[in-house]
Amino acid sequence: MPRMPNPTRRTFLRSGAALCALGSLGGLPAFGAAGFNHKNRLAIPPLDLGEIKDGTREFGLQLQHGISEFFAGYETPTKGINGAYLGPVLRMRHGETVRLNVTNNLDHDSTLHWHGFNLPASADGGPHQVIRPGDTWSPSFEIRERAATMWFHSHLMGQTAAQVWAGLAGMVIIDDDTADALDLPSEYGVDDIPLVLQDRRFSRDGSMAYKSSMHDRMAGMQGNYPVLNGTISPYLEVSHEKVRLRLLNGANASIYNLTFRDERTFQLVGTDGGLLTAPVELTQLRLAPGERAEIVVDFSDGAPALLESIGGRGMGGEQSPTFDLLEFRLKAQLAPSPQVPEKLADLPVPDADSAMRTRRFLLEMPGMGMGMMMGGGFTINGEEMDMARIDHVVKRGEAEIWEIENAGPMAHPFHVHNTQFRILDKAGRPPAPAEAGLKDTVLVEPGEVARILIRFDHYTDPDRPYMYHCHILEHEDAGMMGQFTVV
Ligand code: C2O
Ligand code: CU
Ligand code: CU
């Protein structure tokens, strides 16, 4: 069998400490030259437009076992949706009704959750909508979101981390008239690139079995290799001056600090729930599990580029690993791209005075040690997730302030189902421009209080709850999740 390639030497050196702390491979042989020598063409997930039947856009999704070849000559058992690993990119449009026929061909229970969507609780795909092996689940709902990059993933109670790790996730692109009218790069796979960012821990035999140690359950499961759209060591051929990247952090636990090796600027145009009011120029973007960002990168200077994630912060710096992510190889001639529009979407200014009440959510890790050995140990307001307990009952259409306090030593990305909210402030300061748009996940740093303005406009169901939780999947599985109904 061929020897598994290593991440670039530079990556290895820079992440060596984290690797040792994670107790993984160890003794990796040195390999290759520094950066810019990525081996594999970035996989672009197939675009799935579904099929219009009686005015409804229908998708057929098969959860299945598969074999992936991340490393040439190595067969890695994985799970996927209509494929061996991850799923297609589903494309749908604001205002239309979709139906998703999800068939479970796995040998175990699963679910599929539509992350970022306003939708009936019965269609949410959270822990209460279990799909048994052999069954098909067919939720249907109206697309109420604006143009945005959303996603879907398994959400089985206590098993989300293992199932997403195996590959049960995918991206959704929503279109609308506002976005169509803007001159943003929009040719799928050409200058509009989906990018599912993950990392996976591979063993010598090429397998990436989900085996979490005590440390993994506390810090979250991280990999020794970054995997982008299921590709190890990827490069992207650039044929246009400007490229839009639809970034999705689909990792179990890693918070990526994204930047380019040459520190070039890029324009952030959208966040979780869609376009910002205006582009924000950045050189670095922190993207936590569950979050999405759309950025436009200018390659007209002709210089090759490398997207990387730089380490730091969190427990021992491990929450943000150092990785070379994606090499951009420029064609000799780049097709011209228009300027990024100065004005993007209209967003109301969040009005904190409109809130009818405030709810508090205290995130803690009190069970470090015993609780974690038992598979729990992560709490919100002192309690671990209980499927039989409704923690909050919210009135439809009433704005509220949710105050999320992180009392632990790690950063937690707090996600709420069935809505897009706005960040009012973090640690008393108004959100940075990059966080001022529509969000469904907010990263709360250790010791920080984040206040969000939140409302659930569309659906009520007194019996079926939605979830809020930390999107570090090991934390979610270990109890850092709660339930609310909308009435
Ligand atoms: Cu991305 Cu409750 O999920
Ligand atoms: Cu969600
Ligand atoms: Cu967490």
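Residues numbered from 1 in each chain as written. Chains lettered and ligands numbered in written order. Predicted model: local features only at pLDDT ≥ 70, side-chain atom pairs only at ≥ 80, totals over all residues. Heavy atoms only, no water.

What about the coordination of the copper ion (ligand 3)?
Alright, step 1. Ligation of the copper ion (ligand 3) by protein atoms is provided by His412 (ND1), Cys470 (SG) and His475 (ND1), these donors lying 1.9 to 2.2 Å from the ion.
Alright, step 2. The sequence pattern describing where the donors of the copper ion (ligand 3) fall on their chain is H-x57-C-x4-H. With His412 in strand 29 (residues 412-416) and Cys470 in strand 33 (residues 461-470), this pair connects stretches of sequence that are 58 residues apart.
Alright, step 3. Taking relative accessible area as the criterion, His412 reaches 0% and is therefore assigned buried.
Alright, step 4. Given a relative accessible area of 1%, Cys470 falls into the buried group. (Donors = N, O, S within 2.8 Å, 3.2 Å for Na, K, Ca; no water. Helix = DSSP H or I, 4+ residues; strand = E, 2+ residues; numbered from the N terminus. Buried < 20%, exposed > 50% of the residue type's maximum accessible area, 1.4 Å probe, protein only.)

Some thoughts on the sheet that holds strand 16 (residues 234-240)
Alright, step 1. Here we have six strands laid out as an open sheet, ordered 1-16-24-23-18-21, and mixed in their pairing. Sheet topology places strand 1 (40-41) and strand 21 (284-287) at the edges, where each strand pairs with a single neighbour.
Alright, step 2. As judged from the five bridges shared by strand 16 and strand 24 (residues 323-335), these two strands associate in the parallel manner. In the sheet register, His240 faces strand 24, and the bridge partner there is Ala335. (Pairing = 2+ DSSP bridges.)

As for the confidence of the model for the protein chain
Alright, step 1. Residues with a pLDDT of 70 or more make up 90% of the protein chain, whose mean pLDDT is 92.
Alright, step 2. When mean pLDDT is taken per element in the protein chain, strand 12 (residues 169-175) scores highest with 99 and helix 1 (residues 9-21) scores lowest with 36.
Alright, step 3. Low pLDDT (under 50) marks residues 7-35, which in the prediction has 55 contacts with non-local residues, meaning those over four places away or in another chain. (pLDDT = per-residue confidence, 0-100. Contact = heavy atoms within 4.5 Å.)

A short note on the sheet that holds strand 26 (residues 379-380)
The strands that make up a sheet pair up through hydrogen bonds in the backbone, lying either parallel or antiparallel.
Alright, step 1. Pairing is mixed in the open sheet, where five strands are placed in the order 26-25-28-32-30. The two strands at the open ends of the sheet, each matched to only one other strand, are strand 26 and strand 30 (422-426).
Alright, step 2. Bridging between strand 28 (residues 400-406) and strand 32 (residues 449-454) involves six bridges; their strand directions are antiparallel. By the bridge assignment, Ile404 is partnered in strand 32 with Ala450.

A closer look at the coordination of the copper ion (ligand 2)
Alright, step 1. Note on the copper ion (ligand 2): its protein donors are His113 (NE2) and His415 (NE2). The metal-donor distances range over 1.9 Å. Residue His113 is located in strand 8 (residues 113-115), and its partner His415 is located in strand 29; the two are separated by 302 residues in the primary sequence.

Examining the nonpolar core
Alright, step 1. Trp114, Phe117, Trp402 and Phe414 are the most contacted members of the largest nonpolar core, which totals 56 residues.
Alright, step 2. When residues are assigned to domains, this core turns out to be shared by domain 1 (47-176) and domain 3 (352-486), each giving three or more.
Alright, step 3. Of all hydrophobic cores here, the second largest spans 33 residues; its members include Leu195, Leu228, Leu245 and Phe328. (Core = buried A, V, L, I, M, F, W, Y, C linked by side-chain atoms within 4.5 Å. Domains from an automatic or database assignment.)

Considering a nonpolar patch on the surface
Alright, step 1. There is a patch of nonpolar side chains on the surface, built from Ile390, Val393 and Val487 and spanning about 220 Å² of accessible area.
Alright, step 2. Assessed through its relative accessible area of 47%, Val393 is described here as partly exposed. (Patch = residues over 30% accessible without salt bridge, like charges linked within 9 Å, V, L, I, M, F, W, Y side chains within 5 Å. Areas by Shrake-Rupley, 256 points an atom, 1.4 Å probe, with all protein chains shown as cover. Salt bridge = Lys/Arg side-chain N within 4 Å of Asp/Glu carboxyl O.)

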